[in-house]
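Here are the chains, one letter per residue:
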Amino acid sequence: MKQNDSDISRSWIRKFRDWTTLSSFRTVLQYNLNMLELAGYVSSKNDYQDILNDIAKDIINRWKYQINRKEDILKVQEVQKQLDLKTVHYLEKLDYYNKYIETCLENLESGKKRIHKKIFSHHQETKNEVKNMKTLKYLGSKLYEKGILLEIKDLDIHQYKNVLFEVRPSQDAGIFIIDAKFMGIPLNSIHIDIQDLLAMKYQGTAVMNIFDCVKINSNLLL
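Everything numeric in this text was worked out from a predicted model, so none of it was measured.

Okay, the confidence of the model for the chain next. Counting all residues, the mean pLDDT for the chain is 77, and 77% of those residues have values of 70 or more. Mean pLDDT values for the elements of the chain range from 54 in helix α1 (residues 5–16) up to 90 in helix α5 (residues 140–145).

Attention now moves to the environment of P186. With respect to the helices and strands, P186 occurs in strand β5 (residues 185–193). Sequence separation of P186 and F165 is 21 residues, and the distance between their C-alpha atoms is 9.9 Å. The contact partners of P186, leaving out residues within four places of it in the chain, are A180 and K181.

This part is about the sheet that holds β5. Strand-to-strand pairing in sheets goes through backbone hydrogen bonds, with the strands running parallel or antiparallel. Here we have 4 strands laid out as an open sheet, ordered β1-β3-β4-β5, and antiparallel in their pairing. Across the chains shown, the open sheet's two edge strands, defined by having one partner strand only, are β1 (136–139) and β5. Averaged over all pairs of adjacent strands, the angle between their axes in this sheet comes to 20 degrees, without regard to strand direction. Across the sheet, helix α6 (residues 194–202) is in contact with β4 (175–182) and β5; its angle to β5 comes to roughly 70 degrees.

Before going further, it helps to examine helix α2 (residues 22–38). Taking 1.5 Å of rise per residue, the 17 residues of α2 would be expected to cover 24 Å, and the 24 Å separating its terminal C-alpha atoms lies within 8% of that figure. Those residues of α2 lying buried are S24, Y31 and L33. One or two positions beyond α2, positive phi appears at G40, with a value near 90 degrees.

What follows is about the pattern of salt bridges. Under the defined criterion, the tally for this structure stands at 3 salt bridges. Two residues, K137 and E166, come together in a salt bridge whose shortest N-O distance is 4.0 Å. With K137 in strand β1 and E166 in strand β3 (residues 163–169), this residue pair connects regions lying 29 residues apart in the sequence. On the basis of relative accessibility, which here comes to 55%, the residue K137 falls in the exposed class. Of the residues examined, E166 reaches a relative accessible area of 10% and is grouped as buried. In this structure, the salt-bridge partner of R168 is D179, at a minimum N-O distance of 2.8 Å. Taken together, the positions of R168 in strand β3 and D179 in strand β4 put the pair 11 residues apart, joining distant regions of the chain. Relative accessible area serves as the criterion here: at 30%, R168 is assigned to the partly exposed category. Through salt bridges that share partners, K137, E166 and K181 make up one connected network.

Tracing the backbone shows S218 in the segment after β7 (214–217). Residue S218 is classed as buried on the basis of its relative accessible area of 0%. When neighbours within four sequence positions are excluded, S218 is seen to be in contact with L197, M200, T205, A206, V207 and M208.

Glancing now at the nonpolar core. Ranked by internal contacts, the top residues of the largest apolar core, which has 18 residues, are L149, I152, F165, M208, I210, F211 and V214. Every element with two or more residues in this core is listed here: β2 (149–152), β3, β4, β5, α6, β6 (207–210) and β7. Those residues in contact with F165 that lie beyond four places of it in its chain are L136, K137, Y138, G140, L143, L149, I152, I178, D179, A180, F211 and V214.

Reading the values: rules and limits
Residues numbered from 1 in each chain as written. Predicted model: local features only at pLDDT ≥ 70, side-chain atom pairs only at ≥ 80, totals over all residues. Heavy atoms only, no water. pLDDT = per-residue confidence, 0-100. Helix = DSSP H or I, 4+ residues; strand = E, 2+ residues; numbered from the N terminus. Contact = heavy atoms within 4.5 Å. Pairing = 2+ DSSP bridges. Axes fitted to C-alpha atoms, helices over the stretch in contact; angles between N-to-C directions. Expected span 1.5 Å × (residues − 1). Buried < 20%, exposed > 50% of the residue type's maximum accessible area, 1.4 Å probe, protein only. Salt bridge = Lys/Arg side-chain N within 4 Å of Asp/Glu carboxyl O. Core = buried A, V, L, I, M, F, W, Y, C linked by side-chain atoms within 4.5 Å.

See the structure below:
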């Protein structure tokens with residue numbers, strides 16, 4: 001069975017490793033040169049000048065390699081230093097943001113309690129104001145003169161003085177209740193939302209029907 005080149009090389013090395021004579025070294029060197037020539041790295045035609053040139057270059061440039069290596073090491077160390085500084089910086093920022101979020105959550109919770117208390121207080125004040133507000137009373141004839149009342153179905157204009165409209169606030173902000181009475185007899189009640197009046201004005205609608213028989217100028221109610 002034929003041995004490969006690596007087996008032959010190891011065999012020659014074992015054979016000559018204990019030799020200390022110049023002849024033995026020359027034999028091993030010649031063998032290695034032959035192996036390199038077979039691999040195409042050197043040539044005996046120029047007395048192995050290629051490998052001599054490479055060895056000379058390595059010797060000449062050895063100090064350059066050392067300097068470059070030192071520079072590379074310094075660059076790596078500087079990069080590591082910068083990364084360490086950035087790590088510390090971002091850890092500090094992370095700690096700051098965590099504390100900031102905790103403070104915001106505490107303030108939010110505290111703010112909710114204050115807002116709830118304020119809303120409750122405002123709600124109570126609104127209730128008290130509503131209770132204290134007086135009911136406004138208008139005769140139909142007066143509203144007709146002001147242009148607010150436009151028409152009451154099946155009722156003569158001269159009878160408008162017998163119709164009484166009472167306007168009073170509701171428990172809900174922005175909503176009013178209108179009661180109508182004819183000769184002291186209650187007819188009906190309706191709720192009017194100021195938001196609806198504003199929407200009608202925005203849409204260009206001026207006439208509003210209430211009680212299914214009364215037409216009023218909604219713009220003049222604002």
